[in-house]
Amino acid sequence: MKNLHPRDVPVVRDLPPNLMREIGRVIFFHSYVEWRLGLIIYDILHVTKVLSRLVPRDPRAMDQFDLICDLVSLKNVKTGVDLIRLRRSLVLATSQRDLLAHGTWVRDPKTKAFLLHLVRGALKPVNTKRVSTKRSTKTRAQKYGIEQCRSLSQLINGIILTVDELYSDTLGQPAPSRQKNALTAASAKSPSVSQFVRGIHS
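Keep in mind that this is a model prediction, so the values were computed, not measured.

A. Quick look at helix H4 (residues 83-102). For H4, with 20 residues, the first-to-last C-alpha span of 28 Å sits near the 28 Å given by 1.5 Å per residue. The N-capping residue of H4, defined by a side-chain oxygen 3.2 Å from the backbone nitrogen of Ile84, is Asp82.

In C-alpha cells:
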C-alpha cells in the first residue's frame, strides 16, 4: 500500500463506534496502570494521603516503574514478579498507547480502511517481537484497526494483573508506625478499579 501523506488524504474526526470503544479501553486500562504504579511508590515509601498531595503528579509510567525497581532493591521487597519481563511489556504497551492516543486518523480513499498517521518507525503492532524506537521526519499512514486495539488492550490487562500482584507484595512491607490491624485491613482489601474511577472524580 502506498504511504499516504496528510495533504493527500484529510484527517477524519469520526471513527466507527466499535473502534472508538476499543481506543477508549486502551486509554482507560493504561491510566489504571499509572494509578497503581503510583500507589506502589507511596506504599513502599510509606507516604500518607496528606504527604501525597505534595508529590508531583502525572509522572510517566516508565519513570514510575524504574523508581519502583530501585525501591524494591533498596527496601528488599520480596516479590515473585519478574520485573525485567514486566518492564519489557510496559515499554511496548506505553509506547503504543501514546501513539494511539496522540496519532491522527485518515481513511484510504480506495480501500476505505482507517489508517493511523504516525512518525515512520514509531509504532510496531503488539504481536511483533521488537519495538522500534528510531524516528525520522518522514511520515506514513499505517493500518491500525479494532484487532490491533484489542491486542493492545489484552497486553495492558495482563500488565494490570501483574502490577496488582506487585502491589500486594509491597503491602507486606509495613511502616514502623503502622498498627498490625491497619495492615491486615489494607491487605484484605486493596484499592480496586472502582476506587480508581472514584479517585478521578475526587
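More follows now that the structure is in view.
B. Representation of the environment of Met20 in the model. Here Met20 lies in helix H1 (residues 17-45). With a relative accessible area of 45%, Met20 lands in the partly exposed category.

C. The arrangement of the pattern of salt bridges in detail. Counted according to the given criterion, the structure contains 7 salt bridges. The salt bridge partner of Glu22 is Arg25, with a shortest N-O separation of 3.3 Å. Here Arg25 and Glu22 lie together in helix H1, a separation of 3 residues that amounts to about one turn. Classification of Glu22 as buried rests on a relative accessible area of 5%.

D. Focus on unusual backbone geometry. In this model, Asn76 sits at a positive phi of 55 degrees, which is unusual for a non-glycine residue. Inspection of the secondary structure assignment puts Asn76 in the loop between helix H3 (61-74) and H4. Even without being glycine, Lys112 reaches a positive phi, approximately 70 degrees. By secondary structure assignment, the location of Lys112 is in the loop between strand S1 (104-107) and strand S2 (114-119).

The rules behind each value
Residues numbered from 1 in each chain as written. Predicted model: local features only at pLDDT ≥ 70, side-chain atom pairs only at ≥ 80, totals over all residues. Heavy atoms only, no water. Helix = DSSP H or I, 4+ residues; strand = E, 2+ residues; numbered from the N terminus. Expected span 1.5 Å × (residues − 1). Polar contact = N/O pair within 3.5 Å; in protein donor to acceptor, adjacent residues only side chain to side chain. Buried < 20%, exposed > 50% of the residue type's maximum accessible area, 1.4 Å probe, protein only. Salt bridge = Lys/Arg side-chain N within 4 Å of Asp/Glu carboxyl O.

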